[in-house]
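If you want the building blocks of each chain, they are given just below.
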Amino acid sequence: MAHVSPDISAIRARLLAWYDAHARSLPWRAAAGAARTEPYRVWLSEVMLQQTTVPHATPYFHAFTMRWPGVEDLAAAEDAEVMGAWAGLGYYARARNLLACARAVAGDHGGVFPDTEAGLLALPGVGAYTAAAVAAIAFDRAANVVDGNVERVMARLFAVETPVPAARPELRRLAALFVTDDRPGDWAQALMDLGATVCRPRSPSCDICPVSDQCRGLATGEPTRFLVKARKADRPHRRGLAYVLFDAQGRVAVETRPDKGLLGGMLGLPTSDWTAEDPSGPPPVPADWRAAGAVEHVFTHFSLTLTVLTAQGQTPHADWRWMPVQDARAALPTVFAKALDRAFIEPDLFL
């Protein structure tokens, strides 16, 4: 294929026409060309979709909007309720930021989201991407909305050779070339949809792409080479112990983790510290602890092996409390849910 020079106007026109015909139907999105989506729904969905796929986030979005249909409803919720409802979505600092932002909107803005990118960026927990996305999609402001999908589309359209993260300023500059006052919300969502459904990371459907003839990456014959990524450093590995204590009624002992740090404010199983060395030291309460194997979990910055110890007892630690197993299973973050499930592999626990 001959060398191409992307035509900004042609790409915009074609991609918006494609979006009008092929926009994804998503629960937080107004139909293409329809009235704008309520800001609360845009903001909530964008926070949930950070580091999370659409299929995984969708049931959480439905549950949250059924339970807390507006920002003031969410602002009035108890921290523990929201953290429990968030369990399984990961990146739990987002849940704390969600509450802080909802309470700022309710308390400082009369329950109305600011309608500018700058005003949104001033809210607690709202970063540059979320502010731009809400400004564009909810308020039709001309904002440069750049997520991973948009980075990949720009890298392929312009055949950007620089690896990320060093390439990100250039990718943002290129994306900004397309931002105008004409349908900025639809434009942002059109780029997202193109990246999610056509210009995919490993198997792009270049044959149905509405702008394939404008794509320098495709012209090289190797579109999947873009986005170029720098080699990741090896992820450190940590180890720990998880203590699964049941009482005679089959309830399990849980605790609320400290507000600061990993999984802060979330419900959790009691554990040892997570360190590079094998954990040591006595259990936090005396009991006939038995090993029930181990579970593996990967966080953003490290991987973890948790060895699961189980026991029966009537007196938990002062910071623990009893909870029915099914309730705990539904409210625990994934790493602790894995450990709880592993505890039931111990065959003699209830004999």
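Counting from 1, residues in each chain are numbered in the order their sequence is written. With the structure being a predicted model, the display of local features is reserved for residues of pLDDT at least 70 and the display and counting of side-chain atom pairs for 80 or more, all residues being used for whole-chain, interface and lining totals. Only hydrogens and water are removed before side-chain values are computed, so all heavy atoms of the structure are retained for them.

Novice: So what exactly am I meant to see when it comes to the packing of helix α2 (residues 39–49) against helix α6 (residues 93–108) here?
Specialist: The relative placement of two packed helices comes down to the angle between their axes together with the axis-to-axis distance. Running from N to C, α2 and α6 cross one another at 160°; their axes reach a closest spacing of 10 Å. Considered as vectors, α2 and α6 are oriented roughly antiparallel to each other. At the point where α2 passes α6, the crossing takes the right-handed sense. Of the residues in α6, those in contact with W43, L44, V47, M48 and L49 of α2 are R94, L98, C101 and A102. Of the residues contributing to the contact of α2 with α6, the split by class is eight nonpolar, no polar and one charged. Orientation is described by axes fitted as lines to C-alpha atoms, over the contacting stretch for helices, and by angles from 0 to 180 degrees between their N-to-C directions. Put simply, DSSP marks the helices as runs of H or I at least four residues long and the strands as runs of E at least two long, and each gets a number from the N terminus on. We call two directions roughly parallel when the angle between them is under 35 degrees, roughly antiparallel when it is over 145, roughly perpendicular when it lies between 65 and 115, and oblique otherwise. Two helices that cross are described as forming a left-handed crossing if the nearer one is turned anticlockwise from the farther one by less than a right angle, and a right-handed crossing if clockwise. Any pair of residues with heavy atoms lying within 4.5 Å of one another is described as a contacting pair. Under this grouping Gly is polar, as are all residues other than the nonpolar Ala, Val, Leu, Ile, Met, Phe, Trp, Tyr, Cys and Pro and the charged Asp, Glu, Lys and Arg.

Novice: I would appreciate a short explanation of the packing of aromatic side chains in the present structure.
Specialist: Think of a pair of aromatic rings as described by two things: how far the centres are apart, and how the planes are tilted against each other in angle. Stacked, tilted and edge-to-face are the three classes assigned to paired rings of Phe, Tyr and Trp, where Trp is represented by its six-membered ring and a pair needs centres within 6.5 Å; plane angles under 30 degrees give stacked, over 60 edge-to-face, the rest tilted. The full count for this structure, using the stated rule, is 13 aromatic pairs. Between W274 and F336, the ring centres sit 6.4 Å apart and the planes meet at 45°, which makes this aromatic pair tilted. Of the two residues, W274 is situated in the loop between β3 (267–268) and β4 (290–298) and F336 in helix α14 (residues 334–343); the sequence distance between them amounts to 62 residues. Three exposure classes are used, based on accessible area relative to the maximum for each residue type with a 1.4 Å probe and protein chains only: buried under 20%, partly exposed in between, and exposed over 50%. Given the relative accessible area of 14%, W274 is considered buried. The rings of W274, F299, F302 and F336 are connected pair by pair, giving a single aromatic cluster. Geometry around W187 places R12 over its ring, the cationic atom sitting 5.0 Å from the centre. As a reminder, the over-ring test applies to NZ of lysine and CZ of arginine, requiring each to be within 6 Å of the ring centre and within 35 degrees of the ring normal. One residue, R257, lies across the ring of W274, its end atom 5.3 Å from the ring centre.

Novice: Which parts of the structure should I look at to understand a positive patch on the surface?
Specialist: A cluster of basic residues, R202, K229, K232 and R235, forms a positive patch at the surface. Structurally, the position occupied by R202 is in the loop between α11 (184–197) and α12 (216–219). Judged by relative accessible area, which is 77%, R202 ranks as exposed. Patch criteria: residues need more than 30% relative accessible area and no salt bridge. Like-charged residues are merged within 9 Å; nonpolar side chains of Val, Leu, Ile, Met, Phe, Trp and Tyr are merged within 5 Å. Reported accessibility uses the Shrake-Rupley method at a 1.4 Å probe radius. Residues are deemed covered only where the shown protein chains occlude them. By definition here, a salt bridge exists when the distance from a side-chain nitrogen of Lys or Arg to a carboxyl oxygen of Asp or Glu is within 4 Å. His residues and chain termini do not enter the charge count, which takes Lys and Arg as positive and Asp and Glu as negative. The atom standing in for a charge is NZ when the residue is Lys, CZ when it is Arg, CG when it is Asp and CD when it is Glu.

Novice: Where do I start with the pairing of strand β2 (residues 252–256) in this structure?
Specialist: A regular strand places its side chains so that they alternate between the two faces of the sheet. Where burial is concerned, most of β2 is hidden: four out of the five residues are buried. Being paired, for any two strands, means DSSP has found at least two bridges between them. When β2 meets strand β6 (residues 321–323), the two strands line up antiparallel, connected through three bridges. Bridge pairing links V254 to R321 in β6. Bridge analysis of β2 against β3 gives two bridges, and the strand direction is antiparallel. The residue bridging E255 from the neighbouring strand is G268, located in β3.

Novice: Teacher, can you tell me more about the side chain of R29 here?
Specialist: Counting through the fold element by element, R29 comes out in the loop between α1 (8–22) and α2. Residue classification places R29 among the buried positions, given a relative accessible area of 12%. Of the polar contacts made by the side chain of R29, one reaches the side chain of Q189; its length is 2.9 Å. If we ignore the near neighbours within four places in the chain, the residues touching R29 are Y19, A23, R24, T37, Q189 and D193. For this analysis, a polar contact is any N or O atom pair within 3.5 Å, provided that within protein one partner can donate a hydrogen and the other can accept it, and provided that sequence-adjacent residues contribute only side-chain to side-chain pairs.

Novice: Before we go on, may I ask you to explain the side chain of D247 in this structure?
Specialist: Mapped onto the elements, D247 comes out in the loop between β1 (237–246) and β2. A polar contact of 2.6 Å, which involves the side chain of D247, links it to the side chain of R251. Among residues more than four places away in sequence, those in contact with D247 are Q312, G313, Q314 and W322.

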